[in-house]
Amino acid sequence: MCGIVAYIGTKPAKDLLLEGLKRLEYRGYDSAGIAIINGGLKVARTIGRVAGLEALVENDADFDGSIGIAHTRWATHGEPSERNAHPHSDDLKQGYGIRVVHNGIIENYATLKQYLQEKGHSFTSDTDTEVLAHLIGELYDGNLETAVQSALREVTGAYAIAVICEKEPDVLVVARKGSPLIVGVGQDEYVVASDSSAIVAHTTQAFLLDNETVARLTRDSFRTTTVDNVELTPEIKELEYSLEQIELGDFEHFMLKEIHEQPNTLRTCMQGRIDAAGSKIVLGGLADHSDELTQIQRVLLLGQGTALHAAMIGEYLFEGLAGVPTEVEFASEFRYRNPIVEERTVAIAVSQSGETADTLAAVQEAKRRGAITLGAVNVVGSSIARETDAGVYLRVGPEIGVASTKAFIGQVAVLTMLAAYIGRRHHLGRDEMSDLMYAFEEIPSHIETILAQSEHIHKVTKGVVNRDNWLFLGRGTNYPVALEGALKLKEISYIHAEGMPAAEMKHGPIALIDKGMPVVVVATKGSQYEKVIGNMEEVRSRGGHVIAIATEGDENIHKHCNDAIFVPDVPEPLQPLVTVVPLQLIAYHAAVLRGKDVDKPRNLAKSVTVE
Ligand code: F6R
């Protein structure tokens with residue numbers, strides 16, 4: 001959500017910043033801007049994509065300096081427009097030439113704005129960021145680092161910022177609280193960005209800026225402090241991402257690439273963690289909490305969006321495999337109720353980015369109320385990973401497509417392992433565990449079988465792609481899969497879709513069904529198969545067009561549906577790992593057939609770092 005990149009070094013900043021913005025564009029893409037010091041301060045801003053910004057500055061020698069900041073925006077305060085685009089400036093009348101790019105929300109911006117207006121400041125945008133820029137200018141006394149520290153002491157909310165000042169052309173100041181920021185350390189240069197994808201092409205040495213920390217960077221030195229100017233020593237580490245992981249390769253879209261990566265990312269996720277013969281799950285991240293986890297009496301799963309759907313599957317798994325009472329909650333709702341967290345509760349935050357503001361706040365709340373907290377997170381060192389007592393990383397590599405796919409598979413896989421890990425310490429028998437783990441190890445090759453049917457899935461999708469309202473139905477662990485199928489379809493193709501438990505349809509939504517309405521039903525073999533067939537008949541008898549996700553070899557299914565997509569036969573607890581794949585492909589093909597921008601759907605951005 002908003003991408004920041006900043007550079008100080010010896011190379012042309014413009015090229016590096018634009019390239020970084022393109023890599024961060026999945027975080028927001030309604031407007032973009034750049035500021036470079038080259039003798040004086042040069043600024044360009046534009047509504048729309050980074051390509052538009054590039055066209056503005058690529059042949060302009062004024063932008064040839066070697067220090068600068070840049071931003072790609074996902075609007076929070078103020079509509080997408082050039083005047084609301086970053087970088088924002090201090091009061092132009094004062095003329096210190098300060099420019100700020102920001103990701104996050106300054107919650108007390110209205111109070112600060114009023115204070116500054118009373119001091120004579122006038123504002124040119126509707127953003128909270130401009131208020132911060134003015135505040136830094138107001139407090140500027142010849143030292144940018146000190147002015148930023150002082151301003152941040154007055155601010156409540158979340159921020160990752162990068163700041164330059166025309167009067168100090170060899171200094172870049174960056175800071176963060178809540179929103180992520182990484183400092184890449186090169187030879188006489190620093191590249192700072194919201195995530196490592198904008199850094200790895202230049203250096204693999206980096207440090208994560210700690211919460212409420214400020215860094216002052218010159219070409220050959222850095223200093224990090226708290227906002228109260230207490231000096232800190234960050235740990236420089238090797239970045240885990242490779243350039244290849246963040247390039248499209250032969251694929252047309254990141255979403256398609258990531259769908260196809262799923263067999264291998266799942267293998268990596270399981271690697272070294274499953275011992276099927278020994279009926280054991282080895283989760284190194286939990287080693288220090290093994291005894292506590294043996295004692296737990298309740299599981300609380302927290303997440304948003306796709307991660308929430310994975311968590312909902314987790315609820316079935318924890319109850320089914322571990323026999324532990326489990327609740328799943330929208331993280332955003334959890335923290336604003338009065339949630340009762342009983343003794344021996346483990347709260348698990350499920351998140352790809354590890355930065356989702358609602359999920360972070362919810363897990364903090366659960367911790368405050370006495371829960372042991374675990375993370376099922378993808379991004380190493382992210383806020384949720386650092387906030388939780390322990391955790392299990394998804395290990396699916398960087399997810400660039402805004403619509404989450406391989407992270408979902410990783411989340412479900414980690415929750416399956418966690419449920420089995422805790423299950424073995426409760427009721428799960430040795431043989432049952434062993435059988436499940438052998439079947440689990442086969443899932444990556446089953447996903448490969450499904451991916452090989454992409455052309456058939458394309459054809460099925462094409463048959464109904466002109467319809468504007470769809471339903472997705474499932475029961476048991478496949479109910480959250482239905483929700484996920486509907487979410488994928490709406491977010492990238494803008495088709496209205498609802499997911500629900502198959503039985504719920506007749507309690508109202510059945511009124512929507514008319515001739516040809518697409519209804520995707522997860523109808524795999526399992527304990528509720530016959531009931532799902534009954535639900536399909538209810539749809540068919542009203543003229544609906546049923547697309548069944550069925551178990552390989554189930555020829556009977558053809559009598560009850562218009563189209564069938566087959567998935568390999570796997571034990572019920574593992575079915576979501578295969579049944580979701582055709583739904584991802586249906587959404588992908590529908591979006592492409594409708595001519596939509598699959599990797600940059602309208603109004604969305606990856607990593608929602610505001611509440
Ligand atoms: C949907 C999607 C979102 C995220 C949600 C949580 O495709 O990507 O619904 O799942 O914003 O994000 P994370 O997993 O980063 O916490």
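Residues numbered from 1 in each chain as written. Predicted model: local features only at pLDDT ≥ 70, side-chain atom pairs only at ≥ 80, totals over all residues. Heavy atoms only, no water.

**Section: the sheet that holds strand β24 (residues 496–501)**
- Strand order in the open sheet formed by five strands is β24-β23-β25-β26-β27, with parallel pairing between adjacent strands. Edge positions in the sheet fall to β24 and β27 (563–567), since each has one partner strand and no second. Taking each pair of neighbouring strands and ignoring which way they run, the sheet shows an average axis angle of 20 degrees.
- Sheet topology note: the strand β25 (residues 518–523)/strand β26 (residues 545–551) ladder contains six bridges and is parallel. The residue of β26 that forms the bridge with V519 is V546.
- Each of β23 (469–474), β24 and β25 touches helix α15 (residues 478–493); the most contacted strand, β24, lies at about 175 degrees to it.
- Its contacts with the sheet put helix α17 (residues 576–593) on β23, β25, β26 and β27, and the angle it makes with β27 is roughly 135 degrees. (Pairing = 2+ DSSP bridges. Helix = DSSP H or I, 4+ residues; strand = E, 2+ residues; numbered from the N terminus. Axes fitted to C-alpha atoms, helices over the stretch in contact; angles between N-to-C directions. Contact = heavy atoms within 4.5 Å.)

**With respect to the sheet that holds strand β5 (residues 88–89)**
- Pairing is antiparallel across the open sheet formed by seven strands, whose spatial order is β5-β6-β7-β8-β12-β13-β14. The outermost strands of the open sheet, each flanked by one partner alone, are β5 and β14 (231–232).
- As paired elements, strand β7 (residues 157–165) and strand β8 (residues 168–177) share six bridges and run antiparallel to each other. Each residue of the ladder has a partner; that of Y159, found in β8, is K177.
- Sheet strands in contact with helix α5 (residues 144–153) are β6 (98–106), β7, β8, β12 (213–218) and β13 (221–226), and its direction is about 160 degrees off that of β7.

**Examining the nonpolar core**
- I348, L418 and F440 are the most contacted members of the largest nonpolar core, which totals 91 residues.
- Looking at this core, the element that brings in the most residues is helix α12 (residues 406–424), giving 13 residues.
- When sequence neighbours within four positions are dropped, the list of residues in contact with F440 reads M270, I274, A413, T416, M417, L574 and L577.
- Membership of the second largest hydrophobic core comes to 32 residues, among which are L21, I36, F63 and L239. (Core = buried A, V, L, I, M, F, W, Y, C linked by side-chain atoms within 4.5 Å. Buried < 20%, exposed > 50% of the residue type's maximum accessible area, 1.4 Å probe, protein only.)

**Here we look at the packing of aromatic side chains**
- Counted under the stated rule, the structure contains four aromatic pairs.
- Aromatic side chains Y96 and Y140 sit 4.9 Å apart centroid to centroid with 55 degrees between the ring planes, which places their arrangement in the tilted category. Of this pair, Y96 sits in the loop between β5 and β6 while Y140 is found in the loop between α4 (128–139) and α5, placing the two residues 44 residues apart along the sequence.
- For Y140, a relative accessible area of 8% gives the class buried.
- Measuring from ring centre to ring centre gives 5.9 Å for Y190 and F222, while their planes differ by 80 degrees; the resulting arrangement is edge-to-face. Residue Y190 is found in strand β10 (residues 189–193), and its partner F222 is found in strand β13; the two are separated by 32 residues along the sequence.
- According to the relative accessible area criterion, Y190 is buried, its value standing at 6%.
- Within the aromatic cluster, the residues linked to one another by ring pairs are Y190, F207 and F222.
- Taking NZ or CZ as reference, R425 lies 3.9 Å from the ring centre of Y421, over its face. (Phe/Tyr/Trp six-rings, centres within 6.5 Å; stacked < 30°, edge-to-face > 60°. Lys NZ or Arg CZ within 6 Å of the ring centre and 35° of its normal.)

**Details of the environment of L116**
- With respect to the helices and strands, the residue L116 is situated in helix α3 (residues 109–118).
- Through-space distance from the C-alpha of L116 to that of E138 is 8.1 Å; in sequence the pair is 22 residues apart.
- If near-sequence neighbours (up to four positions away) are discounted, L116 is found in contact with H121, F123, V131, H134, L135 and E138.

**Let's talk about the site of the ligand**
- Near the ligand lie 14 residues; those nearest to it are S351, Q352, S353, T356 and E491.
- At a separation of 2.6 Å, an oxygen atom of the ligand approaches a polar backbone atom of Q352.
- K488 places a side-chain nitrogen or oxygen 2.9 Å from an oxygen atom of the ligand.
- Look at the ligand: alone it shows 410 Å² of surface, and the protein chains cover 87% of it. (Near = heavy atom within 4 Å. Polar contact = N/O pair within 3.5 Å; in protein donor to acceptor, adjacent residues only side chain to side chain. Areas by Shrake-Rupley, 256 points an atom, 1.4 Å probe, with all protein chains shown as cover.)

**Regarding the side chain of S31**
- Residue placement: S31 occurs in strand β2 (residues 31–38).
- Classification of S31 by relative accessible area gives buried; the value is 1%.
- In this structure the side chain of S31 is engaged in a polar contact, spanning 3.0 Å, whose partner is the side chain of D30.
- Once residues within four sequence positions are removed from consideration, S31 is found in contact with T46, I47, G48, H71, T72, R73, S81 and A85.

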